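Structure at a glance
Here is what each chain is made of, one letter per residue.
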Amino acid sequence: MERDVVILGSGFGGSLLGWILAAAGGRAVVVDRDRHPRFAIGESSTPVADLLLADLARRHRLPALLPLARWGSWQEAYPDIGCGKKRGFSYFHHRPGAPFRDTPDHAASLLVAASATDAGSDTHWLRADVDAFLFRQGVEAGMTGIEGAEVTGIDRDGSGWRVGIRHDSGAADTLAAPFLVDATGGGGALARALGLPRDDDRLRTRTGALYTHLRGVGSFDRLQEEAGNVSTTAPFRSDDAAQHHVFDDGWAWMLRFRDDLCSVGFVRPSARWEGCVDRAAAWEALVGRCPSVAALLRGARPVREVALLPRLSRLWGRAAGPGWAMLPTTAGFVDPLHSSGIAHGLSGVARLAGLLLAPRHDAAAWEAYGRAVHDEVVWIDRLVSACYRVLPDFDRFRLAATLFFLATVRFERMLGAGMDCAASGFLAARDAPLRAALEAAADEVERGDAAALEGLRDRLAPFDPVGLLDPAARHRFAHTAVDK
Ligand SMILES: Cc1cc2nc3c(=O)[nH]c(=O)nc-3n(C[C@H](O)[C@H](O)[C@H](O)COP(=O)(O)OP(=O)(O)OC[C@H]3O[C@@H](n4cnc5c(N)ncnc54)[C@H](O)[C@@H]3O)c2cc1C
């Protein structure tokens, strides 16, 4: 089967890239070992992801994609594609063995709005639905979609790539194309075939996750009302947000979809998962450590088995070369904290679409993409690892999280001003002054020297256009994102 590009993996990244190329008249083939709809984790989107989606929809003339960039338009256009409303990021600090308690100054919480209205709200993606939708759209646009096929071999000769596949019927095929994109996520199909070195040891974040989907999870807003933790300045209901329940050595996410479905996962250092064989028992033990989370999950019913990934962070030594590239989320991944994965994946789709649709193959641009993606994973890791290093100190966790949000706000503004990801780098990775300031600040937050932290707000003022470090806000931020 001769094509212009072979894309391995039909998650949202591979499917969307295939759709864009097919819509532009390219001959793309997307192959996956699984079949849609299939479960996938990685569900909490961000304003950055929304901006990137909207830009992809407009730039590549995909009107059917645009509604996914906002909760309101998504509900109107595609009520059957599973989605949750995400007005922002909420973090609640739970003390061991005690129900959650906040103070009038919100000493135990942080709420950062992602959007000012429900209609313009960000989203959680029910990945089984979203990925299947994007795959179908690609096929309708002319992409060749192959499901249920294992990759059996990858070779390269003078004319390009030859990918051997075996269908689940047992039949074999060879796909040939001058370009090859690996969008297999943790599968790392191409990196394994090329024998690329791993760079996992570069990453400071070393965590694992235990997760599932449940029905019947209680409302945290209601629980807080009952406990008297009522805030008059909350910019959104915490149930309409990515809820982060922060513990002494990790955190749990709760992401609510419609139909009472909720994604729940516990993230802790990898070392804590060592020797964990009974996942259900590990789940019960973690729930039992935190009375408020236990209250939310009392009566909830899992709709699938609990899954465990004991080590999440990974990074391949190279992300691209002439004629081949990985999506960012295949090249490397850090951790779900602050939800960078979907947006990083979309930033790669944007950049690879540009490279593949360019009139001439520019080998240097492919190499530059690969170096940029590798560096961006290291940048995300620098910011995310600081949050884990300072636990259980919630004040410093909040500061470390704020550094991540400062990079995010900067990146959103760059995208809003029309800059493309190749120029800005993901999370403004190529903005050297911002990066130097945030890296120095992350070092200080980790060291925890009170005198140095005193001056942090002034030092970071040039990088804080929305006042995320303003103590008068008392950890409630109503509007930080640019409009989509
Ligand atoms: C526990 C956890 C929680 C996360 N939470 C978030 C979050 O809240 N927000 C966020 O933004 N990101 C999150 N992420 C990251 C997110 O999951 C990824 O960014 C996202 O799934 C990447 O999508 P993708 O399309 O690139 O790859 P994937 O979704 O991983 O899709 C890869 C596809 O490739 C196929 N495949 C794999 N190997 C092969 C092979 N050898 N041959 C053929 N096909 C193959 C698979 O079947 C799959 O369909 C999380 C990640 C983890 C691990």
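Residues numbered from 1 in each chain as written. Predicted model: local features only at pLDDT ≥ 70, side-chain atom pairs only at ≥ 80, totals over all residues.

A look at unusual backbone geometry
Worth spelling out the cut-off: Numbering of helices and strands runs from the N terminus; a helix is a DSSP stretch of H or I covering at least four residues, while a strand is a stretch of E covering at least two.
For the peptide bond that leads from His36 to Pro37, omega is -5°, which places it in the cis range. Its place among the elements puts Pro37 in the loop between β2 (28-31) and α2 (47-59). Residues Leu391 and Pro392 are joined by a peptide bond in cis, for which omega reads 10°. Looking at where Pro392 falls in the secondary structure, it is placed in the loop between α12 (363-389) and α13 (394-416). In the Ramachandran plot, His106 falls in the positive-phi region, its phi being about 60° despite a non-glycine side chain. Relative to the assigned elements, His106 resides in the loop between β4 (88-93) and β5 (109-113).

Focus on the sheet that holds strand β19 (residues 320-321)
To keep things clear, this is the line we draw: Strand pairing is assigned whenever DSSP detects at least two bridges linking the two strands.
Taken in spatial order, the six strands line up as β7-β2-β1-β11-β20-β19 in an open sheet, and their pairing is mixed. The open sheet is flanked by β7 (144-146) and β19, the only strands paired with a single partner. Alignment of strand β11 (residues 179-182) against strand β20 (residues 324-326), held across three bridges, turns out to be parallel. Counted as the bridge partner of Asp182 is Met326 from β20.

A word on α2
As a reminder, the rule being used: The span one expects for a helix is its residue count, reduced by one, times 1.5 Å. A residue is called partly exposed when the number of other C-beta atoms within 10 Å of its own lies between 12 and 20, exposed at 12 or fewer, and buried at 20 or more, with C-beta atoms placed from the backbone. Residue pairs are scored as contacts if the distance between their C-beta atoms, which are placed from the backbone, is within 7 Å.
Helix length check: α2, at 13 residues, gives a terminal C-alpha distance of 18 Å against a target of 18 Å (1.5 Å per residue), a fit within 8%. Of the positions making up α2, those classed as buried are Pro47, Val48, Ala49, Asp50, Leu51, Leu52, Leu53 and Leu56. If you follow the buried residues of α2, they end up packed against α1 (12-23), β6 (122-125), α11 (341-357) and α13. Positive phi shows up at Arg61, right after α2, with a value of about 50°.

Describing the packing of α2 against α11
Two numbers describe a pair of packed helices, the interaxial angle and the distance between the axes. The criterion, for reference: Inter-axis angles, ranging from 0 to 180 degrees, are taken between N-to-C directions of lines fitted to C-alpha atoms, where helices are fitted over the stretch in contact. An angle below 35 degrees is treated as roughly parallel, one above 145 as roughly antiparallel, one from 65 to 115 as roughly perpendicular, and anything else as oblique. A clockwise turn of the near helix away from the far one marks a right-handed crossing, whereas an anticlockwise turn of less than a right angle marks a left-handed crossing. Side-chain classes are defined by residue name, with Ala, Val, Leu, Ile, Met, Phe, Trp, Tyr, Cys and Pro counting as nonpolar, Asp, Glu, Lys and Arg as charged, and the others, Gly among them, as polar.
At a minimum axis separation of 8 Å, α2 and α11 run at an interaxial angle of 25°. Accordingly, the angle class assigned to the pair α2 and α11 is roughly parallel. By crossing handedness, the relation of α2 to α11 is classed as left-handed. For the pair formed by α2 and α11, the contact residues are Val48, Ala49, Leu52, Leu53, Asp55 and Leu56 on the first element and Ile342, Ala343, Leu346, Ser347, Val349 and Ala350 on the second. Grouping the constituent residues of the contact of α2 with α11 by class yields ten nonpolar, one polar and one charged.

Side note on the nonpolar core
The criterion, for reference: We define the nonpolar core as any set of buried residues of the types Ala, Val, Leu, Ile, Met, Phe, Trp, Tyr and Cys, connected via C-beta atoms lying within 7 Å of each other.
Ranked by size, the top nonpolar core spans 150 residues in total, and within it Val6, Ile7, Leu17, Val181, Leu383, Ala400 and Leu403 carry the most contacts. Broken down by element, this core gets its largest block of residues, 14 residues, from α13. Look past the residues within four positions of Val6 in its chain and what remains in contact with it is Val29, Trp161, Val163, Leu175, Ala177 and Leu180.

A closer look at the packing of α13 against helix α15 (residues 432-447)
At their nearest, the axes of α13 and α15 sit 10 Å apart, and the two run at 175° to each other. With respect to α15, the element α13 is oriented roughly antiparallel. Only Leu434, Leu438, Ala441, Ala442 and Val445 of α15 make contact with α13, whose side of the interface consists of Arg396, Leu399, Ala400, Leu403, Leu406, Ala407 and Arg410.

A closer look at the site of the ligand
This is how the line gets drawn: As used in this record, a residue near a molecule or strand is one whose C-beta atom, placed from the backbone, is within 6 Å of it. Source of the domain bounds: an automatic or database domain assignment.
Surrounding the ligand, one finds 38 residues, the nearest of these being Gly11, Gly42, Gly185, Gly187 and Gly341. For the shell around the ligand, the secondary-structure elements that each account for two or more residues are α1, β12 (207-215), α10 (328-331) and α11. Counted by class, the shell around the ligand contains 16 nonpolar, 18 polar and four charged residues. Here the shell around the ligand gathers at least three residues from each of two domains, domain 1 (5-79 + 126-201 + 313-366) and domain 2 (84-124 + 205-309).

What to know about the pairing of β12
In terms of burial, β12 is a largely internal element, eight of the nine residues being buried. In terms of strand pairing, β12 meets strand β17 (residues 307-309) through three bridges, oriented antiparallel. Within β17, the residue paired with Ala209 across the bridge is Leu309. Direction of pairing for β12 relative to strand β16 (residues 301-302): antiparallel, over a ladder of two bridges. Note on β16: the bridge partner recorded for Leu214 is Pro302.

A word on the domain arrangement of the protein
Each domain of the protein was delimited in the assignment, giving domain 1 (5-79 + 126-201 + 313-366), domain 2 (84-124 + 205-309) and domain 3 (390-477). If you look at the interface, domain 2 gives 16 residues, while domain 3 gives eleven residues. Secondary-structure elements contributing two or more residues to the side of domain 2 that touches domain 3 are β4 and β5. Looking at the side of domain 2 that touches domain 3, the element that brings in the most residues is β5, giving five residues. Across the side of domain 2 that touches domain 3, the residue classes tally to nine nonpolar, four polar and three charged.

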